[in-house]
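Listed below are the residues making up each chain.
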Amino acid sequence: MLRSLLIALSIFVSAQAAVAEEVTLRAVSSFAEGTQFSKNFERFVKKVNTDGKGIIKINYIGGPRAIPPFEVGNAVRTGVVDMANVTTAFYTNLMPEADASKLFDKPMSEQRKDGTWDYFNKLLNEKVNAYYLARQYHNVPFHIYLNKKIDKLDFTGLKIRVTPVYKDMVEALGGTAITTAPGEVYTALERGVVDGYGWPITGIFDLGWDKVTKYRLDPGFYRVEVGVIVNLDKWKSLNDAQRKVLTDAALWLENLDSENPAAIKAEIERQAKAGIQPIDFGPAESKRFIDIANEAAWKAIIKNAPESGPKLRELGGN
Ligand code: 173
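No experiment lies behind these values; they were computed from the predicted model shown.

Trainee: It is not clear to me how the site of the ligand should be interpreted in this structure. Could you clarify?
Mentor: Arg 161, Thr 163, Val 165, Tyr 166 and Trp 199 are the nearest of the 17 residues found near the ligand. Between the ligand and Tyr 166, the relevant distance is 2.5 Å, taken from an oxygen atom to a side-chain nitrogen or oxygen of the residue. Considering the ligand on its own, with 300 Å² of exposed area, one finds that the protein chains cover 100% of that surface. Looking at the shell around the ligand, its residues break down into 12 nonpolar, 3 polar and 2 charged. A domain split of the shell around the ligand shows at least three residues from each of domain 1 (9-139 + 224-261) and domain 2 (142-222 + 276-308).

This is the structure we're talking about:
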């Protein structure tokens with residue numbers, strides 16, 4: 001009798017231990033739920049919750065209604081949330097040189113081997129108290145969208161909505177940069193507070209911006225970075241099995257970038273159908289545009305981070 005009671009008790013105790021081992025991470029996205037730059041993260045959450053059953057679970061709280069985009073980095077730093085789908089541009093307040101990720105022109109597979117990821121992650125550990133789990137959309141460029149036609153590469157007199165991604169480039173071309181979160185872009189355009197905005201080639205239909213957009217300036221520049229970052233204390237507290245579920249799903253998530261070329265092609269066609277006209281000043285001016293954009297960005301990064309900026313430029317290969 002006593003023996004079977006003890007056996008039953010030991011089964012109960014070990015079952016409890018297994019339950020206690022499943023860890024739950026609270027996650028947010030800095031982009032609206034279901035929109036272009038949250039979609040793949042949401043697929044990642046599903047995958048982790050399936051593959052990690054009994055080991056690790058993500059509780060997806062949602063988009064910017066939970067935490068405003070420019071506060072997401074700090075929320076991860078302090079552990080208010082454990083994980084975020086967030087672009088570096090939204091946490092340059094904590095790590096100015098994080099903006100360099102838009103200039104890295106090597107795929108993550110290479111960056112993980114050649115020390116770029118190591119160095120970037122080390123900086124993120126120190127400055128944001130976060131671990132850099134994944135980088136998405138490296139093959140998607142940014143563009144400037146306009147409501148006023150320009151006939152040369154000059155933004156003088158134009159007010160353009162920016163984030164840190166575009167600010168220095170817009171100013172280098174003579175424009176006035178006005179920083180807003182994505183959620184304020186529609187109203188700013190509708191009211192004429194801005195004459196244009198920076199955004200990737202994909203995603204302008206999600207929040208109805210096509211209705212308030214006339215032109216797209218070509219070519220695209222830089223590379224989109226939307227990362228998955230994890231509070232460093234939380235990351236360190238995970239066991240090997242839990243980290244493996246996250247790391248495997250992160251590599252899977254990065255591989256979804258292979259879907260981007262087709263999505264970009266479809267988006268360009270959809271923009272044309274919506275009446276958004278491309279503006280293109282030809283090969284020589286396009287090259288000058290890219291050079292101005294790259295130089296303005298590196299100059300600002302190196303000014304704001306005199307130690308790590310040059311090293312990131314060297315590693316990033318651009
Ligand atoms: O324009 C933005 O809000 C921005 O910086 C960004 C960055 C990555 C993906 C989408 C937008």
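Trainee: Sorry, what's going on with the sheet that holds strand 2 (residues 56-62) here?
Mentor: Backbone hydrogen bonds hold the strands of a sheet together, and the pairing may be parallel or antiparallel. If you walk across this open sheet you meet the 5 strands as 2-1-3-10-4, and the pairing is mixed. Only two strands of the sheet have a single neighbouring strand rather than two, namely strand 2 and strand 4 (130-136). Taken pair by pair, the neighbouring strands of this sheet meet at an average axis angle of 25°, ignoring direction. Pairing of strand 4 with strand 10 (residues 226-231), which is carried by 6 bridges, proceeds in the antiparallel orientation. Bridge pairing links Tyr 131 to Val 230 in strand 10. Relative to strand 4, helix 5 (residues 116-128) is tilted by about 135°, and along the sheet it contacts strand 4 and strand 10. Along the sheet, helix 9 (residues 240-255) makes contact with strand 1 (23-29), strand 2, strand 3 (83-86), strand 4 and strand 10, crossing strand 4 at roughly 30°.

Trainee: Can you walk me through the packing of aromatic side chains in this structure?
Mentor: Two aromatic rings, taken as a pair, are described by how far apart their centres are and by the angle between their planes. This structure, assessed with the given rule, holds 20 aromatic pairs. Between Phe 41 and Phe 44, the ring centres sit 5.7 Å apart and the planes meet at 25°, which makes this aromatic pair stacked. Here the residue Phe 41 and the residue Phe 44 both occupy positions in helix 2 (residues 36-51), the gap between them amounting to 3 residues, near one helical turn. Over the ring of Phe 205 we find Arg 270, and its NZ or CZ is 3.8 Å from the ring centre. Lying across the ring of Tyr 119, Lys 311 places its NZ or CZ 4.3 Å from the centre.

Trainee: I tried to follow the environment of Ile 56 on my own but got confused; where do I start?
Mentor: In this structure, Ile 56 sits in strand 2. For Ile 56, a relative accessible area of 1% translates into the label buried. Put simply, Ile 56 and Trp 209 are 153 residues apart on the chain and 38 Å apart in space, counted from C-alpha to C-alpha. Among residues more than four places away in sequence, those in contact with Ile 56 are Glu 22, Val 23, Leu 25, Val 48, Asn 49, Leu 238, Gln 242, Val 245 and Leu 246.

Trainee: Looking at this structure, I do not really get the pattern of salt bridges. What am I missing?
Mentor: Side chains that differ in charge, positive against negative, can pair when their charged atoms come close. In total, this model carries 16 salt bridges according to the counting rule given. The partner of Lys 102 in a salt bridge is Asp 99, with the nearest N and O atoms 2.9 Å apart. Each of the two residues, Lys 102 as well as Asp 99, counts as buried. Here Glu 285 makes a salt bridge to Arg 288, at a shortest N to O gap of 2.9 Å. Taken together, the residues span about one helical turn, with Glu 285 and Arg 288 both in helix 11 (residues 282-304) at a distance of 3 residues. Judged by relative accessible area, which is 25%, Glu 285 ranks as partly exposed.

Trainee: Please explain the domain arrangement of the protein as it appears in this structure.
Mentor: One frequently used descriptor of interface size is the decrease in accessible area upon assembly of the parts. Here the protein is partitioned into domain 1 (9-139 + 224-261) and domain 2 (142-222 + 276-308). A C-alpha centroid distance of 28 Å is found between domain 1 and domain 2. Listed by partner, the interface residues are 18 residues for domain 1 and 23 residues for domain 2. Buried area between domain 1 and domain 2, both sides added, is near 1800 Å², and the carbon and sulfur share of it is 76%. When the area that domain 1 buries against domain 2 is broken down by residue, the three leading residues are Lys 102, Leu 103 and Val 224, summing to 31%. Taken together, the connections running from domain 1 to domain 2 amount to 0 salt bridges. Remark: the boundary between domain 1 and domain 2 carries 4 residue pairs in polar contact (both at pLDDT 80 or more). Split by residue class, the side of domain 1 that touches domain 2 holds 12 nonpolar, 3 polar and 3 charged.

How each quantity is defined
Residues numbered from 1 in each chain as written. Predicted model: local features only at pLDDT ≥ 70, side-chain atom pairs only at ≥ 80, totals over all residues. Heavy atoms only, no water. Near = heavy atom within 4 Å. Polar contact = N/O pair within 3.5 Å; in protein donor to acceptor, adjacent residues only side chain to side chain. Areas by Shrake-Rupley, 256 points an atom, 1.4 Å probe, with all protein chains shown as cover. Nonpolar A, V, L, I, M, F, W, Y, C, P; charged D, E, K, R; others polar. Domains from an automatic or database assignment. Pairing = 2+ DSSP bridges. Helix = DSSP H or I, 4+ residues; strand = E, 2+ residues; numbered from the N terminus. Axes fitted to C-alpha atoms, helices over the stretch in contact; angles between N-to-C directions. Contact = heavy atoms within 4.5 Å. Phe/Tyr/Trp six-rings, centres within 6.5 Å; stacked < 30°, edge-to-face > 60°. Lys NZ or Arg CZ within 6 Å of the ring centre and 35° of its normal. Buried < 20%, exposed > 50% of the residue type's maximum accessible area, 1.4 Å probe, protein only. Salt bridge = Lys/Arg side-chain N within 4 Å of Asp/Glu carboxyl O. Buried area = accessible area lost by both parts, 1.4 Å probe.

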